[in-house]
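Given next are the chains, with one letter for each unit.
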Amino acid sequence: MRFKRFGASLLVTGLALLGAASPALAHSELKSSDPARGASLATPPTQIKLTFSGPVTLADDNPIQITGPENASWTVGRAEVAGTVVTAPVKAVGPAGEYTLRYKVTFDDSHASSGSVKFNLSAPAAAPSSQSQPSSQAPAPASSASPAPQAGETTPEDLVPSWVWIVLAVAVVAAGVVVALRFTRRKD
């Protein structure tokens, strides 16, 4: 009888902790992007757009990078933030293939986040011709503040969010308690 009460108390406590912890674990995340994850584009975009589930600020001076095959690196202009949306102009250069857009932002709950969005370019992006740029305009220098992550690197956003693992762990513990209670009942 004591074991039943203990098991029931444990289950109720676990559920209460899960209910109380859920709002704290509900970190903001990337909701959508343009280009979209896994998109196949015939022409490169001139602007990227990242939409998050909560307001963000930029994490550093180089919050967005786009890299691709053959060490292609796109020029990303100044990123602008409007609440939950980050936009930045881009100048694409490089062969057809898979490109990775990497971002770094800070959410209102003060946690920093970085992630990536992979998309494909089905045709090469031509280098901007010197005629299209006025001579008074110099191209933006590439930032070398931090090394670019490798193309095959997995980011936390590519994996299952931590709250899913916590819910799964609580469910496994609850199932264990239920099984233990059933075995105890059969012996009584």
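See the structure printed just above.
Residues numbered from 1 in each chain as written. Predicted model: local features only at pLDDT ≥ 70, side-chain atom pairs only at ≥ 80, totals over all residues. Heavy atoms only, no water.

Student: When you look at the environment of serine 116 in this model, what are you seeing that I'm missing?
Tutor: Along the chain, serine 116 falls in strand S10 (residues 112-121). Look at serine 116 and you get buried, because its relative accessible area is 2%. Taking the C-alpha atoms as reference, serine 116 lies 4.3 Å from arginine 102; in sequence the two are 14 residues apart. (Helix = DSSP H or I, 4+ residues; strand = E, 2+ residues; numbered from the N terminus. Buried < 20%, exposed > 50% of the residue type's maximum accessible area, 1.4 Å probe, protein only.)

Student: How do you make sense of the nonpolar core when you look at a structure like this?
Tutor: For soluble globular proteins, the rule of thumb is that nonpolar side chains tend to be buried together. Counting 25 residues, the largest nonpolar core has Leu50, Phe52 and Leu101 as the members making the most contacts within it. Where this core is concerned, the elements lending two or more residues are strand S3 (47-52), strand S5 (64-67), strand S8 (85-91), strand S9 (97-107) and S10. Looking at this core element by element, the count peaks at five residues for S9. When neighbours within four sequence positions are excluded, phenylalanine 52 is seen to be in contact with Glu29, Leu30, Lys31, Thr84, Val86, Tyr103, Val105 and Phe107. (Core = buried A, V, L, I, M, F, W, Y, C linked by side-chain atoms within 4.5 Å. Contact = heavy atoms within 4.5 Å.)

Student: Would you mind going over unusual backbone geometry with me for this structure?
Tutor: With an omega dihedral of 15 degrees, the bond running from aspartate 34 to proline 35 counts as a cis peptide bond. With respect to the element layout, proline 35 can be found in the loop between strand S1 (30-34) and strand S2 (40-41). If you check the backbone angles, glutamate 70 has positive phi at about 55 degrees while not being a glycine. In this model, asparagine 71 sits at a positive phi of 60 degrees, which is unusual for a non-glycine residue. Along the chain, asparagine 71 falls in the loop between S5 and strand S6 (75-76). Relative accessible area serves as the criterion here: at 76%, asparagine 71 is assigned to the exposed category.

Student: Is there a simple way to explain the packing of aromatic side chains in this structure?
Tutor: The way to describe two aromatic rings as a pair is by their centre distance and the angle between their planes. Taken as a whole, this structure holds five aromatic pairs when the rule is applied. Measuring from centroid to centroid gives 6.1 Å for tyrosine 99 and phenylalanine 119, while their planes differ by 20 degrees, and the two rings are stacked. Of this pair, tyrosine 99 sits in strand S9 while phenylalanine 119 sits in strand S10, and the two are 20 residues apart along the sequence. The pair formed by tyrosine 99 and phenylalanine 119 is uniform in burial state, with each residue classed as buried. (Phe/Tyr/Trp six-rings, centres within 6.5 Å; stacked < 30°, edge-to-face > 60°.)

Student: Whenever I open this one, the side chain of arginine 102 confuses me. Can you help?
Tutor: Turning to its location among the elements, arginine 102 is positioned in strand S9. Classification of arginine 102 as buried rests on a relative accessible area of 9%.

Student: Help me understand the pattern of salt bridges in this model?
Tutor: When the charged atoms of two side chains with opposite charge come close together, those side chains can pair. According to the stated counting rule, one finds one salt bridge in the structure shown. The closest approach of N and O atoms between arginine 78 and glutamate 80, which form a salt bridge, is 3.2 Å. Take arginine 78: its relative accessible area is 68%, and that puts it in the exposed class. According to the relative accessible area criterion, glutamate 80 is partly exposed, its value standing at 42%. (Salt bridge = Lys/Arg side-chain N within 4 Å of Asp/Glu carboxyl O.)

Student: Explain the environment of aspartate 60 here, please?
Tutor: On the secondary structure map, aspartate 60 appears in the loop between strand S4 (56-58) and S5. Using a relative accessible area of 32% as the deciding quantity, one classes aspartate 60 as partly exposed. Expressed as a C-alpha distance, the spacing of aspartate 60 and threonine 106, which sit 46 residues apart in the sequence, is 9.2 Å.

Student: In this structure, what is going on with the pairing of S3? I would like to understand it.
Tutor: One face of the sheet, then the other: side chains in a regular strand alternate in exactly this way. Sheet topology note: the S1/S3 ladder contains four bridges and is antiparallel. The residue of S3 that forms the bridge with serine 33 is leucine 50. Two elements, S3 and S8, share five bridges in a ladder whose sense is antiparallel. The residue of S8 that forms the bridge with glutamine 47 is proline 89. (Pairing = 2+ DSSP bridges.)

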